Amino acid sequence: MSGLEITGLSKSFGGVCALDDVSVAFPHGKINALIGPNGSGKTTFFNCVTGMIRADSGRITYRGQDLTGRPPHRIARAGIGRSFQLCRVFPRMTVLDNLLCAVQPRTLRAKAGRSHSRAETERARHWLTRMGIDHLERAEAQNLSWGQQKLLELAGVLMSEPETILLDEPAGGVNPALIDRICALVSELNAEGRTFLVVEHNMDLVMSLSHHIVVFDRGWPIAEGPPSAIRSDEKVLGAYLGV
Amino acid sequence: MRSDSEPRTTTSGSRTGGGGRTGPLAAPIARHRVALGMKLLLYAVALTALFTFPDVAPSRYEVTVAITLLNYAVLATAWNFVGGFTGYISLGHGAFAGLGAYGTALLVVKAELPSFPALFAAAALVGLIAVPVGYAALRVRGASFVIVSIALVLVLLLVFQSWASFTGGSRGMVVPRPFPGMLRTEHHRVFYFLFAALLALALVTWWLIDRSRFGLGLKSIREDEDKAQALGTPTFAYKLVVFVVSAVFTALAGGLYALWFGDLDPVFQFSILSGAYMVLMALLGGVRHLYGPLLGALVVGYALEYSKLEYGDTPLHLVTAGLLLAVVVLFMPDGVIPAVRGLAARFLGGGQSSIREVTAAELLHGQRAAGSAAPPDSRTRKEVSS
Ligand SMILES: Nc1ncnc2c1ncn2[C@@H]1O[C@H](COP(=O)(O)OP(=O)(O)OP(=O)(O)O)[C@@H](O)[C@H]1O
Ligand SMILES: [Mg+2]
């Protein structure tokens, strides 16, 4: 089933070519991984797909819908949520408000309505409980530990009810116990029907978690396939070992 | 042994819970009550003072100062729709006040509209003008936005100064009084209450937005605009809407001032200074709080009026304003209200110096509550099994 499809995506910053005519597709309903050495264009790829930066050229379609050139909030509404590489939460807001910010009222009446409605607060608590940070509901986000902030960011993304979730280094700077927890969550959420695209440097995590892997090197996909194939791919080894 | 230890721990558990009601558990509730009581008292005092002031004021002069302060309060609160919610610092809001003032004056003089319909029509027009202005200005963030907002005032100043045939140019413009036969004292009294009503309207609107989903969206823009977008918030539309609301309230204040004062000078109407005062007042009071700008307006406005009275029309009031700004930025980056709240909390023995402590206290509170509600809790069982 076709999910996110990218054709001919290019982006350069001044002289640096971050993405060079990239065409990839990620199957819907799976846990996909995007790996590659530092500076290979993974984050730039996320930024282009989510509309945070405008690509120089290329087309982005999602489930048959053309998303090229749409502003970020429209892409979010099309069902694509994302986390940021260096975890981003709303620092001077409570944990609960962080989640309620992800609720997008459609009608004028809903926009004018109270932000702390009962149904939405309950839904937010559900996600906080699932992340195991429900006891921090009233704490200001900036006072949370790094790991708690990562969980909070994930809870916020989930609160916006995306079908597809792009995670940029979910295990970055996180202790091993929490890494396991995050992996378990991703698997569970995938089993519930959500598609993932995970950028990650932790190879154990990538190999054990993902169904489909795409490898970038210098803004260009050099390999793709299931973990077993990627593990033994010479070009991948070359890119990582700098051969 | 088992049957013995279980009830004992249970009773001791409920005893700490019961004891808590008068001891540690009662503290947050009592503090809450005290805070609520103080709040109600403050409201009562403030409202009484507001309503009786024109009658008890020693002379007409005090009433005019009060009107000036109320005008500042409306302006600062209006500014805070943009500055407080979205974090965009506009130094150009003086332009909307000036447009409101000139719009009202021109509609009265040239179009011969009655005063108050002219005021509302002018505010509506400014709202319309704010759409393209906001559309252009809100595309840039941070310092760039500040500079664009300054440019807006300067352009309008040039226009209104040079377009003499229409606006009276640099000689200014006389606005007919709305109640021609009325005595001076009564005129001031009426405008005192009109400004108070406008302030109330602005505060209620701010409060309504503050508690709404729209308001939370705006605040998420202030915190991290990219993140807000990634979560699906239509940030640009939100900013534009609140910018227009802010411009309309600013214009209403400017127009009401024109009707009250009766004399307009483009140099004062379109000065960066008036925009800078709004920023200073809001920052001083605290932009995250409903009453922050109001409080800041009272402090700054009073200081300005006082230095004008004592030292005449020297640049000294500018020095006063500059000093106040320095104090705020250095010592109270969040404004007076949070600073005072922090002090009050310490004074009441809460020790609420950081959110972390509050959560820790609440955690404990929650655990205690759970402990007393369900006596054979996990603690008891653990003791039994061990
Ligand atoms: N805003 C920017 N301005 C200029 N150059 C940029 C910008 N963003 C990225 N680049 C460059 O584009 C290239 C790709 O960067 P990108 O952040 O996408 O890499 P990455 O694969 O996410 O790396 P990492 O694994 O270290 O996070 C790098 O050479 C980087 O220096
Ligand atoms: Mg990256």
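Here is what the cut-offs are and how they apply
Numbers given for residues are sequential positions, taken from 1 along each chain in its written order. Chains and ligands are labelled by the order in which they are written, letters from A for the one and numbers from 1 for the other. Owing to the predicted nature of the model, reporting of local features is limited to residues with pLDDT of at least 70; listing and counting of side-chain atom pairs is limited to 80 or more, with chain, interface and lining totals taken over all residues. Heavy atoms throughout the structure, all of them, feed into the side-chain values; hydrogens and water do not. Listed donor atoms are N, O and S within 2.8 Å of the metal (Na, K and Ca: 3.2 Å). As water is not included, a site may look incomplete. Going along the chain from the N terminus, every DSSP run of H or I of four or more residues is numbered as a helix, and every run of E of two or more is numbered as a strand. Partly exposed residues are those whose accessible area sits between 20% and 50% of the maximum for their type, while under 20% is buried and over 50% is exposed, using a 1.4 Å probe and protein chains only. The domain boundaries here were taken from an automatic or database domain assignment. Residues count as neighbours in contact if any of their non-hydrogen atoms are within 4.5 Å of one another. Buried area is a sum: the accessible area each of two parts loses on coming together, probed at 1.4 Å, counted once for each and added. Salt bridges are identified by distance alone: a Lys or Arg side-chain nitrogen within 4 Å of an Asp or Glu carboxyl oxygen. The nearness test applies per residue and asks whether one of its heavy atoms lies within 4 Å of the molecule or strand. Polar contacts, as used here, are pairs of N or O atoms within 3.5 Å; protein pairs need one atom able to donate a hydrogen and one able to accept it. Residues neighboring in sequence count only if both atoms are side-chain atoms. For the area figures, the Shrake-Rupley method with a 1.4 Å probe applies, and any residue is considered shielded solely by the protein chains shown. In this scheme, strands are said to pair when DSSP sees at least two bridges between them. Note on geometry: axes are C-alpha line fits, over the in-contact stretch for helices, and angles between N-to-C directions span 0 to 180 degrees. Cavity means a closed set of points on a 1 Å grid over the protein atoms alone, one where a 1.4 Å probe fits but cannot get out, pocket means an open set with protein on both sides within 12 Å along at least 5 of 7 lines, and lining means a residue has an atom within 4 Å of a point. Grid points are joined across faces, edges and corners, and a volume is the space filled by probe spheres set on the points. The classification used treats Ala, Val, Leu, Ile, Met, Phe, Trp, Tyr, Cys and Pro as nonpolar, Asp, Glu, Lys and Arg as charged, and all other residues, Gly among them, as polar. Roughly parallel refers to an angle under 35 degrees, roughly antiparallel to one over 145, roughly perpendicular to one between 65 and 115, and oblique to any angle outside these ranges. When the near helix sits turned anticlockwise from the far one by under a right angle, the crossing is termed left-handed; a clockwise turn instead gives a right-handed crossing. As used in this record, nonpolar core signifies buried Ala, Val, Leu, Ile, Met, Phe, Trp, Tyr and Cys residues forming a set joined through side-chain atoms within 4.5 Å. Expected helix span is taken as 1.5 Å per residue step, with the number of steps being one fewer than the number of residues. Two axes define the bend at a residue: one fitted to the seven residues ending there, one fitted to the seven starting there, and the bend is the angle between them.

Chain B carries the name Branched-chain amino acid transport system permease protein in an unreviewed UniProt entry, which gives Streptomyces indicus as its organism.

Caption draft 1: The coordination of the magnesium ion (ligand 2), seen in detail. All names here are of chain A. Here the magnesium ion (ligand 2) is held by the protein donor atoms Thr43 (OG1) and Gln85 (OE1), which lie 1.9 to 2.1 Å from it. With a gap of 42 residues between them, Thr43 in helix α1 (residues 42-49) and Gln85 in the loop between β6 (80-82) and α3 (95-100) connect regions that are remote in the sequence. Owing to a relative accessible area of 25%, Thr43 belongs among the partly exposed residues under this scheme.

Caption draft 2: The domain arrangement of chain A, seen in detail. Residue and element names in this part refer to chain A. For chain A, the assigned domains read domain 1 (1-79 + 162-243) and domain 2 (89-161). Taking only C-alpha atoms, the centre of domain 1 and the centre of domain 2 are 25 Å apart. Counting from both sides, the interface comprises 19 residues of domain 1 and, opposite them, 16 residues of domain 2. Summed over both sides, the interface between domain 1 and domain 2 buries roughly 1400 Å², with carbon and sulfur atoms accounting for 60% of that surface. Summed over the three residues of domain 1 that lose the most area to domain 2, namely Arg77, Pro162 and Leu185, the buried surface amounts to 38% of that side. Our count for the domain 1 to domain 2 interface comes out at two salt bridges.

Caption draft 3: Expanded view of the site of ligand 1. All names here are of chain A. Ligand 1 sits among 13 residues. The nearest are Asn38, Lys42, Thr43, Thr44 and His201. Contact distances for ligand 1 include 2.5 Å between an oxygen atom and a side-chain N or O atom of Thr44. When ligand 1 is considered free in solution it has 640 Å² of accessible area, and contact with the protein chains removes 61% of it. The set of elements that each furnish at least two residues to the shell around ligand 1 consists of β2 (16-27) and α1. Examining the composition of the shell around ligand 1, we find that three residues originate from one element, α1, more than from any other.

Caption draft 4: Inspection of the sheet that holds strand β7 (residues 164-168) of chain A at higher detail. Residues and elements named next belong to chain A. Spatially, β6-β7-β8-β3-β9-β10 is the arrangement adopted by the six strands of the open sheet, whose pairing is mixed. Whereas interior strands pair on both sides, the edge strands pair on one side only; in this sheet they are β6 and β10 (221-225). This sheet shows a mean twist of 15 degrees between the axes of neighbouring strands, independent of strand direction.

Caption draft 5: Fine view of the layout of surface pockets. All names here are of chain B. Computed from the structure, the second largest pocket encloses a volume of approximately 960 Å³. Along its surface, the second largest pocket is lined by 31 residues, and Tyr72, Tyr257, Phe268, Glu305 and Lys308 are the ones closest to its centre. No other element matches the seven residues that helix α3 (residues 60-86) contributes to the lining of the second largest pocket. Grouping the amino acids of the lining of the second largest pocket by side-chain chemistry returns 16 nonpolar, nine polar and six charged.

Caption draft 6: Geometry of the packing of helix α4 (residues 93-109) of chain B against helix α11 (residues 235-261) of chain B. Residues and elements named next belong to chain B. Running from N to C, α4 and α11 cross one another at 50 degrees; their axes reach a closest spacing of 7 Å. Taken together, the axes of α4 and α11 are oblique relative to one another. As α4 packs across α11, the resulting crossing turns out to be right-handed. Across the interface between the two elements, His93, Phe96, Ala97, Gly100, Ala101 and Thr104 of α4 pack against Phe243, Ser246, Ala247, Thr250, Ala251, Gly254, Gly255, Ala258 and Leu259 of α11. Class assignment of the residues belonging to the contact of α4 with α11 gives a composition of eight nonpolar, seven polar and no charged.

Caption draft 7: A look at the nonpolar core. Phe96, Phe195, Leu218, Phe243, Leu264 and Phe270 of chain B are the most contacted members of the largest nonpolar core, which has 90 residues in total. If you tally residues by element for this core, the top one is α3 of chain B, at 16 residues. Not counting chain neighbours up to four residues away, the residues in contact with Phe243 of chain B comprise Val82, His93, Phe96, Ala130, Val133, Gly134, Leu138 and Phe145 of chain B. Membership of the second largest hydrophobic core comes to 46 residues, among which are Leu100, Leu136, Leu152 and Ile179 of chain A.

Caption draft 8: Representation of the pairing of strand β1 (residues 2-13) of chain A. Residue and element names in this part refer to chain A. Direction of pairing for β1 relative to β2: antiparallel, over a ladder of eight bridges. In the sheet register, Leu9 faces β2, and the bridge partner there is Val22. Hairpin connection from β1 to β2: two residues lie between these consecutive antiparallel strands, with Gly14 at a positive phi of about 60 degrees.

Caption draft 9: Quick peek at α1 of chain A. Residue and element names in this part refer to chain A. Counted residue by residue, α1 has seven buried out of eight residues, so it is predominantly covered. All of the buried residues along α1 are Lys42, Thr44, Phe45, Phe46, Asn47, Cys48 and Val49. The positive-phi residue at the C-terminal boundary of α1 is Gly51, with phi of around 75 degrees.

Caption draft 10: Representation of the pattern of salt bridges in the model. Tallied over the entire structure, the rule returns 22 salt bridges over all chains. A salt bridge links Arg88 of chain A to Asp224 of chain B; the shortest N-O distance between them is 2.8 Å. Here Asp224 of chain B lies in the loop between α9 (213-223) and α10 (225-230) and Arg88 of chain A lies in the loop between β6 and α3, a pairing that spans two chains. A relative accessible area of 12% means that Asp224 of chain B is categorised as buried.

Caption draft 11: Just empty space enclosed by the protein, in detail. All names here are of chain A. Per the stated rule, a full pass over the model turns up six cavities of 30 Å³ or more. The computed volume of the largest cavity comes to approximately 110 Å³. Lining the largest cavity are Ser83, Phe84, Lys150, Leu151, Glu153, Leu154, Leu167, Asp168, Glu169, Pro170 and Ile182. Elements with a contribution of two residues or more to the lining of the largest cavity: α6 (146-159) and β7.

Caption draft 12: Just α3 of chain B, in detail. Residues and elements named next belong to chain B. Taking 1.5 Å per residue as the helical rise, α3 with its 27 residues ought to reach 39 Å, and the 39 Å between its terminal C-alpha atoms agrees with that figure. Along its length, α3 reaches its greatest deviation from straightness, about 45 degrees, at Asn80. Within α3, 24 of the 27 residues are buried, leaving the element largely enclosed by the surrounding structure. A distance of 3.2 Å separates the backbone nitrogen of Tyr61 from a side-chain oxygen at the start of α3, and that oxygen is part of Ser59. Backbone geometry just after α3 places Gly87 at a positive phi near 80 degrees.

Caption draft 13: Inspection of the sheet that holds β2 of chain A at higher detail. Residues and elements named next belong to chain A. Read across the open sheet, the four strands follow the order β2-β1-β4-β5; overall the sheet is antiparallel. Pairing within the sheet leaves two strands with one partner each, and these edge strands are β2 and β5 (65-66). Strand contacts of α1: β1, β2 and β4 (57-62), with the helix running at about 115 degrees to β1, the strand carrying the most contacts.

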